[in-house]
Amino acid sequence: MRKKYWMALILPFCLGTIVFATITQRQDIGNSNNIESVNGWVDGWAALLEMNEFPEAGWNDLPVNFINSERMKASLLSLGWKTDHILEIRDDLNIQAVQEALEWLCNNTDSGDIALFYIFTHGMWMSHVLHWNDWFPAKWKSLDTSKKVLIIDTCHAEEFINQVRDDESSHISVACCSADEIAWAGVEEEGLPIIGSVWNYYFTEALSNSSADHDGNGIVSVEEAFNFSTPLVQKYMNEKVFTVPEFLQQYHDLGIYPENFTEYPHPVMDDGYTDQLIIPEFPFSIILPIFIVITSAMLVVDKRARAKLCV
Ligand SMILES: [Ca+2]
Ligand SMILES: [Ca+2]
């Protein structure tokens, strides 16, 4: 048999085997983490909120061009999440806007789905304007899924996850720093390598970094990404930020002396989820079209080869 015939038969077979093996592997991982859904895969829904511009009176802008929610979105998309499952709210974060985003998440999330809520703003905006702890924790606890991921990327972030620690349904909450700590977001004019939230940079990077896969099961869980990124955040802050007297002084002006700690800051994870929470979705929507295109191309090659033989 001619070489082209072999190619036409073998390549689709190999690709089919890869797809089947991937499906099987994902199902095994899913079963081991008690993930349930009607079609065997979990759906993810995410609300990403970021505020860069603030009222002039008493507030500093955080001019990072929404790079934090962009990074989070890019990370989720790379893990196979669907674009129309991600809601982005930029600026003008008042109580109503945040409530509507949370409502959107509640309305879309089925009991087997992942619900991810991310917010980047000032910590003072969370407490003084959004009055976060007055209403958000109760609403978050009522969200009907066992896979809730709350990510707070603000100063004093732990303060805004503490009141969901007693959520009886399983959940994971992550805070970029402790309740009495200040978070750092780099802006371009400072000339440091990382623009935007340093914590966000390392956490989103870890989600798709195989080095973060501590248990070696081929998937980076939320817990693994958190644990992998924390020392990197502390190293960056220690080596890049606190070594610049002007930046260190900004902390001193707030009564905080990072040099008194071995590491700073101290991101916090409230891991109320048994096992590892994995958030990648199977990118079947990407692999299937590739498989069809390549198979079709092989059939065309095969057809042309036959046509030549018939001449
Ligand atoms: Ca893993
Ligand atoms: Ca866990």
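What this report covers is the structure whose coordinates are included nearby. (Residues numbered from 1 in each chain as written. Chains lettered and ligands numbered in written order. Predicted model: local features only at pLDDT ≥ 70, side-chain atom pairs only at ≥ 80, totals over all residues.)

Observations regarding the overall build of the chain
Here comes step 1: Counting secondary structure elements, the chain contains 9 helices and 8 strands.
Here comes step 2: Here the chain holds 311 residues, and 36% of them are scored as buried. (Helix = DSSP H or I, 4+ residues; strand = E, 2+ residues; numbered from the N terminus. Buried ≥ 20, exposed ≤ 12 C-beta atoms within 10 Å, placed from the backbone.)

As for the nonpolar core
Here comes step 1: Core analysis: the largest hydrophobic core is formed by 67 residues, its most contacted members being F117, Y118, I152, A175 and A225.
Here comes step 2: Among the elements that take part in this core, helix α7 (residues 222–241) stands out by supplying 8 residues, more than any other.
Here comes step 3: The contact partners of A175, leaving out residues within four places of it in the chain, are I152, A157, E158, F160, I161, P267 and V268. (Core = buried A, V, L, I, M, F, W, Y, C linked by C-beta atoms within 7 Å. Contact = placed C-beta atoms within 7 Å.)

Considering the pairing of strand β5 (residues 171–175)
Here comes step 1: Counting buried positions along β5 gives 5 out of 5 residues, so the element sits mostly inside the fold.
Here comes step 2: The alternating pattern of β5 places H171, S173 and A175 and I172 and V174 on opposite faces, both of which are buried.
Here comes step 3: Pairing of strand β4 (residues 147–153) with β5 involves 5 bridges; the strand directions are parallel. Across the sheet, residue K148 finds its bridge partner in β5, namely H171.
Here comes step 4: As paired elements, β5 and strand β8 (residues 268–272) share 5 bridges and run antiparallel to each other. For I172, the partnering residue across the bridge sits in β8 and is D271. (Pairing = 2+ DSSP bridges.)

As for the environment of D213
Here comes step 1: One can find D213 in the loop between α6 (198–207) and α7.
Here comes step 2: The class of D213 is partly exposed, set by 16 C-beta atoms lying within 10 Å.
Here comes step 3: Put simply, D213 and F228 are 15 residues apart on the chain and 8.6 Å apart in space, counted from C-alpha to C-alpha.
Here comes step 4: Residue contacts for D213: discarding those within four places in its chain leaves G218, I219, V220 and E224.

Observations concerning α7
Here comes step 1: Under the 1.5 Å per step criterion, the end-to-end length of α7 is 26 Å for 20 residues, consistent within 8% with the ideal 28 Å.
Here comes step 2: Its axis deflected by about 25 degrees at S229, α7 carries its strongest bend there, up to four residues before the proline P231. (Expected span 1.5 Å × (residues − 1). Bend = angle between axes of the 7 residues up to and from the residue.)

What about the packing of α6 against α7?
Here comes step 1: Where α6 meets α7, the axes come as close as 8 Å, and the angle between the chain directions of the two elements is 140 degrees. Regarding the angle of α6 to α7, the classification is oblique. Seen from above, α6 lies across α7 with right-handed handedness. Between α6 and α7, the contacting residues are V198, W199, Y202, F203, A206 and L207 on the first element and A225, F226, F228, S229, L232, V233, Y236 and M237 on the second.
Here comes step 2: When its residues are assigned to classes, the contact of α6 with α7 shows 13 nonpolar, 1 polar and no charged. (Axes fitted to C-alpha atoms, helices over the stretch in contact; angles between N-to-C directions. Parallel < 35°, antiparallel > 145°, perpendicular 65-115°, else oblique. Left-handed = near helix turned anticlockwise from the far one by under 90°. Nonpolar A, V, L, I, M, F, W, Y, C, P; charged D, E, K, R; others polar.)

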